[in-house]
Amino acid sequence: MLCLTLTGSTLEENRNLVEQNRAWISLVELRLDHLHADEQKIASSFPSTIDLPVILTFRRKIDGGECTLNEKQRLEILYETAKGDFAYVDIEEDVKRSDLKFKDPLFEQKVDFERSLRDRGVRIIRSLHDFSCVPADIYGRIAKLASKGDIPKVAVTPTSMIDVIALFRVQSELSSIQDKIIVGMGDYGICTRLLYKKCGSMLTFCSSTQAQLGHLSPQVMSELYRCDKVNEKTHVFGVIGNPVHHTSSPKIHNPGFEAIHYNAIYVPFLVDSVRAFFKLAEMLQIHGFSVTVPHKRNVQPYLGRITREVKQIGACNTVVRIQNMWKGTNTDYYGFLAPINDQIAQGTIKTALVIGAGGASRAVVWALHNHGVKVTILNRSLEKARQLAGETMSSFDTLDHANLYSKKFDLIVQTTSVGMQPNVDLDPVPSLEFSGTETVYELIYQPRETPFFTRASEAGCRVIGGAEMLLEQGKLQFEAFSGYHYPHWIQPEI
Ligand code: ATR
């Protein structure tokens, strides 16, 4: 179930949010603390106007909410509002039962709030929040909340892969607790939100306004990730990196899986420790994953097999489970070659100038070298150029001499980060001139057009952008993951 958190300041605003997102959600959480005081007074009528189950929540500042009232006032407003047709009411872990007895003019004796809710069939969520960590005794805390006969909810903040593992273990540690809500907040927690069912959580929260750190929009969670469709049989894939949430790969793989009706999900994992991630991969029976910076080298000690390209380049960007062993490949290598394969085969690319000698350059230079192309490497630091050139029998020079290499190559490949944020106005080789007959390959895909790309295009060169390589390498990963070709009728928006 996807639950939309409603943080509008008026009920009308919240009703509009419901309508905008209705297609993707199963229930909503009305956050009383975000409503104007006069709107709070009429909030009990809200559920009857939207035709979806509603969780009623009145969050205190210390739990990440906006309510600054004293506790007595807060609980009284919660009590009054809860008289509406809510499906669930959220009460924080530390609220004492004795504080939940209220005088009510309709009754002679004080009303026991919790009992009155249960009598009406309203379910109580007992919630625990921690914005700094995952508490060490998390399983004990959840069990204690559940022993009160309520739905336990923990919204905690993993700050490492080990914490993420602790949240995914909730399901096996506490499998007897049927209904529970587990939320990992912050960047590390995003995988727990998307794979909430694997944590044993009955629902996950989302919002179109990032109501909480790590919230994704209902449309993204439902249409891109289809996380409410995850079941026992779903194959889990992902991408590991640090940072990782900027990656476009989910937009390649998830629509691909959906198009071929393959029961699989592909999610980003922020990973500080590769070793810990491999533990999680065993736990979740992850079938394969992409690897991005800074782990392309770090994963190698954990791989049972690697391809020749991984060995040569020293970097692995794709890991798949094959017969209970992890196999590492490098699809950057083949993804780079895909748009120029024909030209190489026809002999129209025999020489190449590669700008840069970093990680991306290694895949490019080795791919060209292995296909008989004569490579010259230009790099800011001569030493790095010398090293890569030595391994691949290439020539090398510094960027300062770029003008000497004008109009001499069939192919020019730009592999440095110059042209990307924050250097979007810079060209790494302003003195290098184009003849217009060469093919120019820019590996940067964001922005789509760098100054180098534009200059080559204006000179009449055939220009290839980084998005093409990104897509090609993604399609090859998809084949490695699923065993199927990438569906040709899909055009991923990367
Ligand atoms: P990637 O994995 O994306 O290739 P990298 O390994 O850090 O990243 O390599 C970055 C490349 O961009 C290197 O060739 C780097 O040159 P140095 O080896 O001299 O550092 C190049 N690069 C980065 N910033 C640059 C700049 N301002 N001018 C020229 N080259 C730059």
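Our structure is the block above this text.
Participant: So what exactly am I meant to see when it comes to the overall build of the chain here?
Facilitator: Helix and strand counts for the chain come out as 18 helices and 22 strands. In the chain, which comprises 494 residues, the proportion classed as buried is 56%. Across the chain, every contact between residues at least 6 apart in sequence was considered, and the portion connecting residues at least 24 apart equals 67%. As displayed, the chain has an accessible area near 21800 Å², and 50% of this comes from carbon and sulfur atoms. Computed over 54 positive and 56 negative side-chain charges, the separation of the two mean positions in the chain equals 6 Å.

Participant: What should I look at first to understand the sheet that holds strand S1 (residues 2–6) in this one?
Facilitator: Hydrogen bonds along the backbone pair up the strands of a sheet, which may run parallel or antiparallel. The 8 strands lie next to each other as S9-S8-S7-S4-S3-S2-S1-S10, forming an open sheet whose pairing is parallel. The two strands at the open ends of the sheet, each matched to only one other strand, are strand S9 (181–184) and strand S10 (204–206). Strand-to-strand twist across the sheet, computed as the mean angle between neighbouring axes with direction ignored, equals 25 degrees. Relative to strand S4 (residues 88–92), strand S3 (residues 54–57) runs parallel, the two sharing 2 bridges. Paired with Leu-56 across the two strands is Val-89, which belongs to S4. Of the strands in this sheet, S3 and S4 touch helix H3 (residues 71–81), which is tilted by about 170 degrees from S4.

Participant: Looking at this structure, how should I read the packing of helix H15 (residues 359–370) against helix H16 (residues 382–392)?
Facilitator: For any two helices packed against each other, one specifies the inter-axial angle together with the distance between the axes. For the pair H15 and H16, interaxial distance at closest approach is 10 Å and the crossing angle is 30 degrees. One way to sum up the angle between H15 and H16 is to call them roughly parallel. H16 is crossed by H15, and the crossing has right-handed handedness. Counted together, Ser-361, Arg-362, Val-365, Trp-366 and His-369 of H15 and Leu-388, Glu-391 and Thr-392 of H16 form the full contact between these two elements.

Participant: What is the right way to read the packing of aromatic side chains from this model?
Facilitator: The description of an aromatic ring pair uses the distance of the two centres, along with the angle that the planes make with each other. All chains considered together, the criterion is met by 22 aromatic pairs. Plain terms: the ring middles of Phe-289 and Trp-326 are 5.6 Å apart, the flat faces sit at 65 degrees to each other, and that makes the pair edge-to-face. Taken as a pair, Phe-289 in strand S13 (residues 288–291) and Trp-326 in strand S16 (residues 325–329) lie far apart in primary sequence, 37 residues in all.

Participant: How should unusual backbone geometry be read in this particular structure?
Facilitator: In most cases, non-glycine residues show a negative phi, while peptide bonds are predominantly trans. The peptide bond linking Asn-242 to Pro-243 adopts the cis configuration, its omega dihedral lying at 5 degrees. With respect to the helices and strands, Pro-243 occurs in the loop between strand S11 (235–241) and helix H10 (249–259). Along the chain, Val-293 connects to Pro-294 via a cis peptide bond; the corresponding omega equals 5 degrees. One can find Pro-294 in the loop between S13 and strand S14 (305–306). Positive phi values are uncommon outside glycine, yet Gln-323 reaches one of about 45 degrees.

Participant: Just to check I follow, could you spell out the site of the ligand for this structure?
Facilitator: Around the ligand sit 13 residues in total, of which Gly-359, Ala-360, Asn-379, Arg-380 and Ser-381 are the nearest. Measuring from an oxygen atom of the ligand, one finds a backbone N or O atom of Gly-358 at 3.4 Å. At 2.8 Å from an oxygen atom of the ligand is found a main-chain nitrogen or oxygen belonging to Gly-359.

Participant: Can you walk me through the sheet that holds strand S22 (residues 462–464) in this structure?
Facilitator: Strand order in this open sheet of 6 strands is S19-S18-S17-S20-S21-S22, and the pairing throughout is parallel. Each edge of the open sheet carries a strand with a single partner, namely strand S19 (395–398) and S22. If you compare each strand with its neighbour and ignore which way they point, the axes differ by 15 degrees on average. Its contacts with the sheet place H15 against strand S17 (351–355), strand S18 (374–379) and strand S20 (411–414), and it is angled at close to 170 degrees to S17. Sheet strands touched by H16: S18 and S19. Its angle to S19, the strand with the most contacts, is close to 175 degrees.

Participant: Whenever I open this one, helix H18 (residues 466–482) confuses me. Can you help?
Facilitator: What sets the pattern is the α-helix's 3.6 residues per turn: residues three or four places apart point alike. Helix length check: H18 (17 residues) gives 24 Å between terminal C-alpha atoms against 24 Å at 1.5 Å per residue, within 8%. Taken as a whole, H18 has its buried residues at Gly-466, Ala-467, Met-469, Leu-470, Leu-471, Gln-473, Gly-474, Gln-477, Phe-478, Phe-481 and Ser-482. At the C-terminal side of H18, Gly-483 shows a positive phi close to 85 degrees.

Participant: How should I be thinking about the nonpolar core in this particular structure?
Facilitator: Grouped burial of nonpolar side chains is what soluble globular proteins tend to show. Counting residues in each nonpolar core, the largest one holds 75 residues, and the members touching the most others are Phe-269, Phe-277, Leu-280 and Phe-289. Apart from the residues lying within four places of it in its own chain, the contact partners of Phe-289 are Gly-238, Ile-240, Phe-277, Phe-278, Asn-317, Thr-318, Val-319, Trp-326 and Phe-481. If you look at the next biggest cluster of nonpolar residues, it comprises 33 residues, including Leu-6, Leu-35, Leu-75 and Leu-117.

Participant: In this structure, what is going on with the side chain of Lys-198? I would like to understand it.
Facilitator: Within the secondary structure, Lys-198 sits in the loop between helix H8 (186–194) and S10. Within the buried set, Lys-198 has no salt-bridge partner at all; the shortest N-O distance to an opposite charge, 5.8 Å, is to Glu-232.

Participant: Is there a simple way to think about the pairing of S19 in this case?
Facilitator: In the case of a regular strand, side chains alternate between the two sheet surfaces. Across 4 bridges, the pairing between S18 and S19 is parallel. Its bridge partner being in S19, Leu-378 is matched across the sheet by Asp-397.

Participant: Can you walk me through the state of the cysteines in this structure?
Facilitator: A covalent bond between the sulfur atoms of two cysteines is what we call a disulfide. Per the stated rule, a full pass over the model turns up 0 disulfides. Looking at the unpaired Cys-3, the closest cysteine sulfur is the one in Cys-206, lying at 7.1 Å. Cys-3 sits in the buried class, given a relative accessible area of 0%. Taking relative accessible area as the criterion, Cys-206 reaches 0% and is therefore assigned buried.

Participant: Please clarify how the environment of Ile-464 should be interpreted in this entry.
Facilitator: Checked against the element boundaries, Ile-464 lands in strand S22. Taking relative accessible area as the criterion, Ile-464 reaches 1% and is therefore assigned buried. On a C-alpha basis, the gap between Ile-464 and Val-413 in space is 9.3 Å, while along the polypeptide they are 51 residues apart. Sequence-distant contacts of Ile-464, defined by excluding residues within four places in its chain, comprise Pro-339, Ile-340, Thr-439, Val-440, Tyr-441, Glu-442 and Phe-453.

About the criteria used
- Residues numbered from 1 in each chain as written.
- Predicted model: local features only at pLDDT ≥ 70, side-chain atom pairs only at ≥ 80, totals over all residues.
- Heavy atoms only, no water.
- Helix = DSSP H or I, 4+ residues; strand = E, 2+ residues; numbered from the N terminus.
- Buried < 20%, exposed > 50% of the residue type's maximum accessible area, 1.4 Å probe, protein only.
- Contact = heavy atoms within 4.5 Å.
- Areas by Shrake-Rupley, 256 points an atom, 1.4 Å probe, with all protein chains shown as cover.
- Lys, Arg positive; Asp, Glu negative; His and termini not counted.
- Charge placed at Lys NZ, Arg CZ, Asp CG, Glu CD.
- Pairing = 2+ DSSP bridges.
- Axes fitted to C-alpha atoms, helices over the stretch in contact; angles between N-to-C directions.
- Parallel < 35°, antiparallel > 145°, perpendicular 65-115°, else oblique.
- Left-handed = near helix turned anticlockwise from the far one by under 90°.
- Phe/Tyr/Trp six-rings, centres within 6.5 Å; stacked < 30°, edge-to-face > 60°.
- Near = heavy atom within 4 Å.
- Polar contact = N/O pair within 3.5 Å; in protein donor to acceptor, adjacent residues only side chain to side chain.
- Expected span 1.5 Å × (residues − 1).
- Core = buried A, V, L, I, M, F, W, Y, C linked by side-chain atoms within 4.5 Å.
- Salt bridge = Lys/Arg side-chain N within 4 Å of Asp/Glu carboxyl O.
- Disulfide = S-S within 2.5 Å.

Distances and angles like these do not, on their own, reveal function.
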